[in-house]
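In case you want the letters, here they are:
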Amino acid sequence: MTKGWWLPAELRHLVDDVRPRRHATPEHGDFDVEMPCITSDALAEAARALRGRAERELQRRPIAEIVDRLDETAIRWLDPSDPHRRTAIETIPRITGHSPEMVALAIELEQRSSRGDHLLACLRSEVGDPAALDRFRSSGHLAPGGENRAFGPGLVGGVFSANIPALPHLTIMRALLVKSACLGRSSAGEPAFLPLYLRSLEEIDADLASCLGVLWWEREAETHWTSFFDETDFVVAYGGTQAERELRARMPAGLPLLFHGHRLGVSIVGVPEDAESRDDLAARLAYDATVFDQHACLSPHVVLALGSFDACAELGVDVGRQMERWREELPPRVLEPALAAALAQLRGVAEISEALGSPTRLLTPTDRSSAWTILVEDVDGLPPSPLDRFLRIVPHESINAVLERLRPARRWLQNVAIELGANEDDAAALREALARLGATRICPPGQMATPSMMWHHDGRACVGAMVRWCDREGSAP
Amino acid sequence: MKRPKPTLYDELKAAISSGMAPWPEERFDSLAVRIARWHYDEIPPFRALCEARSVDPDSMRKWRDIPAVPTEAFRRFELFAGDDPPREFRTSGTSGSKPGRALFSDQGLELMAEAIRVNARAMLLPDERATRILILAPPPEAAPHMIMAHGMEQLRREHGLAGSRFLIGSEGLDSAGLMRAFADSEREEIPLTLIGASFGFVHLFEAMAERDLSFSLAHGSRAMDAGGFKGRSREADRDELNAAFESRLGIPAERCVNLLGMTEIASQMYDNVMRDGRPAPRFKVNPPWTRTEVVDPITLDPLPPGRPGLLLHVDLANFERPIVVQSDDIGRRLENGGFEIDGRAKGAESRGCSLTIDEMLSQ
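Position labels on residues start from 1 in each chain and follow its written sequence. Naming scheme: in the order in which they are written, chains are lettered from A and ligands are numbered from 1. At least 70 in pLDDT is required for a residue's local features to be given in this predicted model, at least 80 for side-chain atom pairs to be given and counted, and no such filter applies to totals for whole chains, interfaces and linings, which use all residues. Water and hydrogen atoms were dropped before computing side-chain values, which therefore reflect all heavy atoms in the structure.

1. Quick word on the overall build of chain A
- When its secondary structure is counted, chain A shows 15 helices and 18 strands.
- With the radius of gyration taken over C-alpha atoms, the globule rule is written as 2.2 Å times the number of residues to the power 0.38. For 477 residues, the compact-globule formula gives about 23 Å, and the C-alpha radius of gyration of chain A, at 24 Å, lands near that figure.
- Expressed along its principal axes, the backbone C-alpha trace of chain A runs to roughly 70 × 65 × 45 Å.
- When the 477 residues of chain A are sorted by exposure, 62% land in the buried category.
- If you take every contact in chain A between residues at least 6 apart in sequence, the share linking residues at least 24 apart comes to 74%. Here a strand is any run of E in DSSP of at least two residues, a helix any run of H or I of at least four, and the numbering for each starts at the N terminus. Only protein chains enter the calculation, and the probe is 1.4 Å; a residue is then buried if its accessible area is under 20% of its type maximum, exposed if over 50%, and partly exposed in between. Contacts are residue-level and defined by heavy atoms, with any inter-residue pair within 4.5 Å sufficient.

2. Considering the overall build of chain B
- Across its full length, chain B carries 11 helices and 16 strands.
- Taking all 363 residues of chain B together, the buried fraction comes to 54%.
- A fraction of 66% describes how many contacts in chain B between residues 6 or more apart in sequence connect residues 24 or more apart.

3. With respect to the sheet that holds strand E18 (residues 468-472) of chain A
All names here are of chain A.
- Overall, antiparallel pairing links the 3 strands, which are arranged E4-E5-E18 in an open sheet. The open sheet has two edge strands, strand E4 (137-138) and E18, and neither has a second partner.
- The rule for pairing is simple: two strands pair if DSSP sees at least two bridges between them. As paired elements, E4 and strand E5 (residues 147-151) share 2 bridges and run antiparallel to each other. Of the residues in E5, the one forming a bridge with Ser-138 is Glu-147.

4. Notes on the interface of chain B and chain A
- With 36 residues of chain B in contact, the opposing surface of chain A contributes 47 residues.
- As a working definition, buried area equals the accessible area (1.4 Å probe) given up by two parts on being put together, with both sides summed. Between chain B and chain A lies a buried interface of about 3500 Å² when both sides are counted; carbon and sulfur atoms form 67% of it.
- Here, a salt bridge means any side-chain nitrogen of Lys or Arg that lies within 4 Å of a carboxyl oxygen of Asp or Glu. Here chain B and chain A share 2 salt bridges between them.
- Put simply, Arg76(B) and Glu377(A) hold a salt bridge, and the shortest N to O gap is 3.6 Å.
- Polar contacts, as used here, are pairs of N or O atoms within 3.5 Å; protein pairs need one atom able to donate a hydrogen and one able to accept it. Residues neighboring in sequence count only if both atoms are side-chain atoms. Viewed at the interface, chain A and chain B are joined by 5 residue pairs in polar contact (both at pLDDT 80 or more).
- For the side of chain B that touches chain A, the elements supplying multiple residues, two or more each, are helix H3 (44-52), helix H4 (73-76), strand E14 (309-315), strand E15 (324-333) and helix H11 (357-361) of chain B.
- A per-class count over the side of chain B that touches chain A returns 19 nonpolar, 9 polar and 8 charged. Each residue is assigned to one of three groups, with Ala, Val, Leu, Ile, Met, Phe, Trp, Tyr, Cys and Pro labelled nonpolar, Asp, Glu, Lys and Arg labelled charged, and all others, Gly among them, labelled polar.

5. As for the domain arrangement of chain A
Residues and elements named next belong to chain A.
- An automatic or database domain assignment is the source of the domain bounds shown. In terms of domains, chain A is made up of domain 1 (2-261 + 458-472) and domain 2 (264-446).
- On a C-alpha basis, the centres of domain 1 and domain 2 stand 33 Å from each other.
- On the domain 2 side, the residues contacting the 16 residues of domain 1 number 19 residues.
- Taken together, both faces of the contact between domain 1 and domain 2 bury some 1400 Å²; the carbon and sulfur share is 66%.

6. What to know about the side chain of His313(B)
All names here are of chain B.
- Within the secondary structure, His-313 is located in strand E14.
- In this structure His-313 comes out as buried when scored by relative accessible area, which is 0%.
- Engagement of the side chain of His-313 in a polar contact is seen with the side chain of Thr-292, the distance being 3.0 Å.
- The residues touching His-313, leaving out its near neighbours within four places in the chain, are Leu-260, Met-262, Ile-265, Met-269, Arg-291, Thr-292, Ile-323, Val-324, Val-325 and Ser-327.

7. A few points about the pairing of E14(B)
Residue and element names in this part refer to chain B.
- Of all 7 residues that make up E14, 7 are buried, and the element is covered over most of its length.
- Note: strand E13 (residues 290-295) against E14, 6 bridges, orientation antiparallel. Along E14, the bridge assignment pairs Thr-292 with His-313.
- Two elements, E14 and E15, share 5 bridges in a ladder whose sense is antiparallel. The partner of Leu-312 across the bridge, within E15, is Gln-326.

8. Focus on the pattern of salt bridges
- Under the counting rule described, the total for this entry stands at 73 salt bridges over all chains.
- Note that Glu324(A) and Arg327(A) form a salt bridge whose closest N and O atoms lie 3.1 Å from each other. One end of the pair is Glu324(A) and the other is Arg327(A), both in helix H12 (residues 309-329) and 3 residues apart, which spans about a single turn.
- Where Glu158(B) meets Arg117(B), a salt bridge forms, and the shortest distance between an N and an O atom there is 2.7 Å. Taken together, the residues span a long stretch of sequence, with Glu158(B) in helix H6 (residues 147-159) and Arg117(B) in helix H5 (residues 106-123) at a distance of 41 residues.

9. Details of the environment of Ala46(A)
- Inspection of the secondary structure puts Ala46(A) in helix H1 (residues 40-57).
- Not counting chain neighbours up to four residues away, the residues in contact with Ala46(A) comprise Leu11(A) and Leu14(A).

10. Some points on unusual backbone geometry
- The omega torsion across Ala280(B) and Pro281(B) is -5°, close enough to zero to call that bond cis.
- Relative to the helices and strands, Pro281(B) resides in the loop between helix H10 (273-276) and strand E12 (284-285).
- The phi dihedral of Lys179(A) falls on the positive side, at around 60°, and the residue is not glycine.
- With a phi close to 65°, Leu300(B) is a non-glycine residue in the positive phi region.

11. Points about the sheet that holds strand E14 (residues 373-377) of chain A
Residues and elements named next belong to chain A.
- One open sheet accounts for 7 strands, arranged E13-E14-E15-E12-E11-E16-E17; its pairing is mixed. Two strands in the sheet have a free side with no partner beyond their single neighbour: strand E13 (360-363) and strand E17 (441-443). When the angles between neighbouring strand axes are averaged without regard to direction, this sheet yields 20°.
- Relative to strand E12 (residues 300-306), strand E11 (residues 264-270) is paired through 6 bridges, and the arrangement is parallel. Paired with Gly-265 across the bridge in E12 is Pro-300.
- Where helices are involved, their axes are fitted lines through C-alpha atoms of the stretch in contact, as for all axes, and angles between N-to-C directions lie from 0 to 180°. Set on the sheet, helix H11 (residues 275-290) makes contact with E11, E12, strand E15 (390-396) and strand E16 (413-419); between it and E11 the angle comes to about 175°.
- Packing against the sheet, helix H15 (residues 427-437) makes contact with E11, E16 and E17, and its axis sits at approximately 170° to E16.

12. A look at H12(A)
- For H12(A), which comprises 21 residues, the first-to-last C-alpha distance of 30 Å matches the rise-based estimate of 30 Å (1.5 Å per residue) to within 8%.
- Restricting attention to buried positions, one finds in H12(A) the residues Ala311(A), Cys312(A), Ala313(A), Leu315(A), Gly316(A), Asp318(A), Val319(A), Gly320(A), Gln322(A), Met323(A), Trp326(A) and Arg327(A). Helix span is expected to be 1.5 Å times the residue number reduced by one.

13. A few points about the side chain of Gln322(A)
- Structurally, Gln322(A) is set in helix H12.
- Every residue in contact with Gln322(A), bar those within four places of it in the chain, is listed here: Asp279(A), Ala282(A), Ala283(A) and Ala286(A).

14. Comments concerning the environment of Gly446(A)
All names here are of chain A.
- With respect to the helices, strands and loops of the structure, Gly-446 is situated in the loop between E17 and E18.
- Residue class for Gly-446 comes out buried when judged on its relative accessible area of 17%.
- With 29 residues separating them in the primary sequence, Gly-446 and Ala-417 have C-alpha atoms 8.0 Å apart.
- Each residue touching Gly-446, except ones within four places of it in the same chain, is listed here: Arg-284, Tyr-287 and Asp-288.

15. Quick look at helix H4 (residues 100-112) of chain A
Residue and element names in this part refer to chain A.
- The end-to-end C-alpha separation of H4 is 18 Å, in line with the 18 Å expected for 13 residues at 1.5 Å each.
- When you tally the buried positions in H4, you get 10 out of 13 residues, the bulk of the element.
- The set of residues buried in H4 consists of Met-102, Val-103, Ala-104, Leu-105, Ala-106, Ile-107, Glu-108, Leu-109, Glu-110 and Gln-111.

In structure tokens:
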């Protein structure tokens, strides 16, 4: 049975028992994943053991060597014949409903940016000289003779989400990049990827993997959360608003938390007049809304277009055609009935609005399937996208109108794709305004789903934030 | 023409009054099609939907030819073919969004009352036993737009013994009064009918468990709960709730009925158990002037028994409003012809860091 947990061999006895947890997707039916049963005491023991291993194993190793091992792991995952990769591509679709093609693409994209040179570039960007993680190093920022040394937390606690297949290893990598042990609680929604990733790391370097673990316990298991937080030194968590509220209520004061919560992606485009440019733009807008079936915090919910309703409708037709193309290459999730029902409600209302002559244009596949939906609509505010390739295109008269629409969502603003075409002269001012408003990443359409390791995730230095510095200062000036 | 020929209304009302015996399919189709043709003329958004689906009055021959109106459309459009000034009921609505509206003329209210009467007699009061009706909801004067309060008031007025009343006031639930009423029932042997929202009963039993209170209500007592348990496993919660009715109040499972009702339709679907006098199997029963289909959410094609799909309701008592309504509830058809409802939120659980803008902005 596919495993939803992993511990180093010498700690596996701490899991008393396992039991299947059933997942159901419309396409594949029922699929069981093996989940661990562990007492809160055993959980605490595992956490202490991992931290102890890291003190012995990670601290003595040069950071360059750790990066090399992660690089080797990424190379394996990029090899289409790798058995763990193949297992992931077979099993994750049965758990989340994503197509195998989409899971394979997610692995490609995530592992490409997990290569050693990316990891080193990230360290340089957020920590400075990576060697400060190995020993005291002279620092040009201190007075002459000054040196400094960087340490990660003893144990990073990870709380994972299920929205993107093949992403949760990011937290593991970030922990290793500061020589920290990491114990994660997997997401019940997609627990299969991390155990596979950890197995491949174990095959490459068992000592390195012996500082890592991923377990699972019920969301209501208070004593487990207490053990978990008592033993961790830094928490990295993903999830929605409710999950964040629960987590913060349970965490002891003073335990640092980096929480990756809800985020909003949008595209801002000028609608090109010539058909060829419009089609090219449409292909990239469609791709951004296709990757990860729109579940990423970077994915666009809406295209804010500069142009008339009619121009937007033309763009919508092009985006729809491109959606159809991506549908072939990267088949969509088959929606659970409840999500399909919500989609049907939105489509039904749009159909009525359009027939009543309102500025609305609903575009769907000719077979009306749930594969994608484009809704060109002159609406108020930022109405919700139910995701899974549902993209609104909203006409705007000016960049100011675009910014006004985004203002209420500034707390959640994450990723903005910009391509202004004829209005390109305004791009610099727009970037500045978006950055001020709260955006954490700006890119061209077509690249929304492919951030680099150097991107400040949620606007934060996620690796740098975990580091504690010790500065050795020279004699007083 | 604002009003259909009086004969259509009268014919429908007489048919509903005739009771719960199944109708021939032709009678149902004939009434449905005549109502829908009238709506085509009188409800512009319905007409627009027909046009978008290339349906015209002549091509509507059976109810299945009538386009289903999504419940969301009740928020966005005025969907009413009756006389002004109408009485208005509203859906609860999530924060920030407009509530759905269901408009009724006096005639429409009369028709709904008849549908409630016939259905309740068969499904909730089949033993014709007089009971004291206690309602865990605010009275209509305090909740004038709540369709459930309106229907409950009718049951209280028409079927309740002295002392029947609503128990939610401006201060919340009158727990002390309720506990006294439980004790009175036990002592005086006057059976109770308890009516309320499902999660309201869950809270009540939690509070009773904390104080370790239980009663043995008079024989003949029964309970009707409406609605669901937000986002949790419906089946587990249903069994738990029924067990609590038994252990806390002495009401056995075959006298606990769940009711499916929505603001957007005028009729309700009750569980079969009270009518059948046994606790299992449990399923929803359509009164003969309604149909519920379990359909594929996208194609709207009927699904075979056992497969989850969305519930599409046809309710002729919705006379002045669209009669074919596409809900966003998920359920399944049973082999015996009844249907059951699944939890609503099952597929829409946490989706990590990219939830809907709606959720973000509603904080």
